[in-house]
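# Chain and residue survey
Okay, here's what each chain looks like letter by letter:
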Amino acid sequence: MADGQPQLDLSPKVSDEVRKTTCYMCACRCGINVHMKDGPDGKKQVAYIEGNRDHPVNKGVLCAKGSAGIMQVNAPSRLKKPMKRVGPRGSGEFVEIEWEEAMSTAVGWLTELHETAPHKLAFFTGRDQSQSFTSFWAQHFGTPNYAAHGGFCSVNMAAAGIYTMGGAFWEFGQPDWDRTKLFMIFGVAEDHDSNPIKMGLGKIKARGAKVIGVNPVRSGYNAIADEWVGITPGTDGLFILALVHELMKAGKIDLNYLAQFTNAPVLVDSETGLLMRDDDGKQLVMDRTTGKLTPFDQKGVRPDLSAQYRHAGVTHKTVMALMAEKYLDPQYAPENVAERTGISATKIKTIAAELARVAFDEAFELEQEWTDFRGETHKTMTGRPVSFHAMRGISAHSNGFQTCRALHVLQILLGTVETPGGFRFKPPYPKPVEAHPTPHGYGRPGKPLAGPHLGFPRGPEDLQINDDGTACRIDKAFTWENPMSVHGLMHMVISNAHAQDPYPIDTLFMYMANMSWNSSMNSSGVMKMLTDRNDDGSYRIPRIIYSDAYNSEMVAYADLILPDTTYLERHDCISLLDRPICEADGAADAIRWPVVEPDRDVRGFQSVLIELGARIGLPHFLNDDGTRKWKDYADYIVNHERRPGVGPLAGFRGENGDQFGRGEINPEQLDRYIENGGFAMHHIPDEALYMKPWNKAYQDWAVEIGLYDAPQPFLFQLYVEPMRKFQRAAEGHGDRQPPEHLRDRLQQVMDPLPIWYEPLEDSHVDTDDFDVHALTQRPMAMYHSWGTQNAWLRQLHDHNPLYLPTKLWQKHGFAEGDWARVTSVHGEITVPVAHQAALNENTVWTWNAIGKRKGTWALSEDAPESNKGFLLNYLIHELLPPKGDGLRWANSDPITGQAAWFDLRVKIEKAAPQDQSQPVFEPLKSQTPQGPDELKWKVGK
């Protein structure tokens, strides 16, 4: 070493121990290595977090959110003890209490409801990842009022996928990253599934494959796309159907795939619009060889896509014929959709031609023998290297269900679903809609519901409505207003409870749902609803129980606070029964476990539910002798079985811990997960890796590990018969029919083939006056409001401007540092602006959930988040503006109830500079001390 050079330790000791678990900084659920050091008191402390290279989800890659988990666990805003309200609701006046008082209070409130009126409990969870368990708890409590956050997130995507092809994007499936040559993304923000997508994009770019991004906003993934399509918000479905028009017009669709694996050749009864079936309920096709009607799954059948069947003087056509009639109509021609979508006819035609060229001219054969569900063996698998991915951007519109359906149909027409190079399902998907439950309600006092709350209606008979037509559920899910609302309508719960429509509730019980702030449309209105009183002085919503780990905006509006742990301090189960982390090549699940002990008097929410269930006396939470069945959530994870041999965790089952999926309870199961890095993985056999819905090897493998109890091959449903059943009811058929004011709407939107209609807000506002579209999306470094209190992540985003395109920037004469007044028919905000050229010319946008209310999250009074940060939520209402018909329509998709966040229309004008973004709300009284200006601590001795 040269003289004078310092001697440096280039390999310092990072930790004394590494504990492997699962990240919770977003819903990606990556594997992480948590490096631990011995603290001064001898207890282990978190020193550093990195990705686990052995984990199937992220393979060692970790984003800024994941690395910043260390700051989440040490956040000054963490709640310390249970609390009960002592001042007016919203004042933030609480006293700390002991857990026994907190639990006794909750048990007293809830036991009375369980025994007398379980429907008066509304139990809704937000960004929870244990919905299999929370729904189990609510089902056995007996309330019909349960759901999670999907109704205001992406239910349109999930429901459209299940009804069409048995699964959708993200948790349901992924592109064939290794073989795809053209990847097209629609409406994808960077907060969901970011590490796998980044890794996949890296593979694609390295191979020279093309990426096309369709999004009004060019950021993140769209910024690195080879081609960006800056579409007008809410018109994605019209653009997709124009692509379908061009492909069908050119004959560039996979006819063999459509005939063999979809209901395109199934005959439709021209009198009823229902699919023709045999006596066993199997869909009927015309066999080209015999010319006879034949069940779709009969060995040797060669379905005829263009068949007609004439019987009793009536001619019946195939689904394919109906699709050709619909989509070859000139209304879908590129020239006729260009102006509305903001995409030139030339661009639409070019993209359609590129899809066709890659799908068909670059098709390939994978040398892999497989046997289909008809018993026929194929020597190869045809690869069509085009893949798609989409998320909330196309889902969170009032036309989002049909738009998502259109995208799934586009994939299927190209033959790119479950083929090499295309979109691949992740176990336990695909599942036909018939494999899913229907919704259940109508609980009786002291009794559980007969089945799960949420499910997939097959027709009007599955609606959750009373004999007089009123809703069974407080959110009005599964009613004629939104018949296929498979995730519930969390965004309508507080509004309906406040209106006591369809009935008053007694207790609102919520977990990780920041409903008084960024998780609600109409945030200011919701704050008022939570604090409104009746004439006698009682609260309109009598009791509110809330659980959170942090001093969020919602805390001040609760009556009883049950403080949760952070994700490194508790057990969690990422289950195949719930929101799995599987890959297309195998089934996988994972756990979280307490790598550190809480330094506060807090308890994991799921364990709290276990105790509440036992103390309330829910039978499924008690043994036959009346003793508590499970000590805590960890005990439940290991010892609960949904059916014999199948429990929350699939790995390390059986007496020797060597079984996956099915097997006896293994008392050491959690220990085995910890030893294995916090996850279990079981690979799919090579012959079963593709063609899963029709592949005998895959179906048998799925039965073997307990995904199904029997093989369940199925046809993709281009024509969704349950929708036709609702449409028929609106036409006047059947025992259950909608009210008169909903008939026309249902007849239009419930088309069993994908359609496009303009977003509902467009017909309720003056679009010449409110001529600008406004969007929010979450940045890659922030998943939700829980992230923007994080000391590291705040350095990336501590406030948010409103981004304006060049056209609007110049029109209003804006300059850097200016402020704008943004107005909708519902409200007004005044906010800082910034210029972004790569943006749809009639669209403005901002980051979501950066803005904070003063007095929350342990932030200082002058924190940028609560001074220059803001929400667009103040401009959005859960109801559409009055239209003069005496009705207030929900601001939701009329099929699923998906919150239509992205339909927002506004107008913009320059405003005088402000000290703070407007509106400004009074500071809340904080339940935690303000964090230090510099957050420091020493890790290790």
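All right, on to the layout of surface pockets then. Estimated volume of the second largest pocket: approximately 680 Å³. In this structure, the second largest pocket is lined by 35 residues; those nearest its centre are Lys476, Thr479, Glu481, His741 and Leu742. Of all elements in the fold, only helix H14 (493-499) and helix H21 (740-749) reach the threshold of two or more residues within the lining of the second largest pocket. For the lining of the second largest pocket, the per-class residue count stands at 15 nonpolar, eleven polar and nine charged.

With that settled, the discussion passes to the packing of aromatic side chains. Under the counting rule described, the total for this entry stands at 45 aromatic pairs. Ring centres of Tyr803 and Trp845 lie 4.8 Å apart, and the angle between their planes is 20 degrees; this geometry places the pair in the stacked category. Taken as a pair, Tyr803 in strand S30 (residues 802-804) and Trp845 in strand S33 (residues 843-847) lie far apart in primary sequence, 42 residues in all. These aromatic residues form a ring-pair network of at least three members: Phe169, Tyr257, Phe261, Trp370, Phe423, Phe425, Trp694, Phe714 and Phe716. One residue, Arg533, lies across the ring of Tyr539, its end atom 4.1 Å from the ring centre. In this structure, Lys852 is placed above the aromatic ring of Trp857, and the distance from its NZ or CZ to the ring centre is 5.7 Å.

Turning to the side chain of Arg89, a few remarks are in order. Among the structural elements, Arg89 can be located in the loop between strand S4 (83-85) and strand S5 (94-96). For Arg89, the side chain forms a polar contact with the main-chain oxygen of Leu530, separated by 2.9 Å. Each residue touching Arg89, except ones within four places of it in the same chain, is listed here: Leu530, Thr531, Tyr539, Ile541, Pro542, Arg543, Ile544, Ala556, Tyr557 and Asp559.

Okay, the pattern of salt bridges next. Oppositely charged side chains may form a pair once their charged atoms are brought near each other. Across all of its chains, the model carries 57 salt bridges by this definition. Between Lys476 and Asp501 there is a salt bridge, and its shortest N-O distance comes to 2.7 Å. Here the residue Lys476 occupies a position in the loop between strand S22 (423-425) and H14, and Asp501 occupies one in the loop between H14 and strand S23 (507-511), the gap between them amounting to 25 residues. Under the relative-accessibility criterion, Asp501 is labelled partly exposed at 33%.

The strand order S11-S10-S9-S21 describes an open sheet built from four strands, whose pairing is parallel. The open sheet has two free edges, formed respectively by strand S11 (227-229) and strand S21 (386-390), since each of these has just one partner strand. Put simply, the sheet's adjacent strands are angled 15 degrees from each other on average, direction ignored. Summarising the sheet, strand S10 (residues 210-214) and S11 pair through three bridges and their orientation is parallel. Across the sheet, residue Val214 finds its bridge partner in S11, namely Val229. Across the sheet, helix H6 (residues 194-207) lies against strand S9 (182-186), S10 and S21, angled at about 135 degrees from S10, the strand it touches most.

Conventions used here
Residues numbered from 1 in each chain as written. Predicted model: local features only at pLDDT ≥ 70, side-chain atom pairs only at ≥ 80, totals over all residues. Heavy atoms only, no water. 1 Å grid on protein atoms, 1.4 Å probe; cavity = no way out; pocket = protein on both sides within 12 Å on 5 of 7 lines; lining within 4 Å. Points joined across faces, edges and corners; volume = space filled by probe spheres on them. Helix = DSSP H or I, 4+ residues; strand = E, 2+ residues; numbered from the N terminus. Nonpolar A, V, L, I, M, F, W, Y, C, P; charged D, E, K, R; others polar. Phe/Tyr/Trp six-rings, centres within 6.5 Å; stacked < 30°, edge-to-face > 60°. Lys NZ or Arg CZ within 6 Å of the ring centre and 35° of its normal. Polar contact = N/O pair within 3.5 Å; in protein donor to acceptor, adjacent residues only side chain to side chain. Contact = heavy atoms within 4.5 Å. Salt bridge = Lys/Arg side-chain N within 4 Å of Asp/Glu carboxyl O. Buried < 20%, exposed > 50% of the residue type's maximum accessible area, 1.4 Å probe, protein only. Pairing = 2+ DSSP bridges. Axes fitted to C-alpha atoms, helices over the stretch in contact; angles between N-to-C directions.

Geometry only, nothing functional implied.
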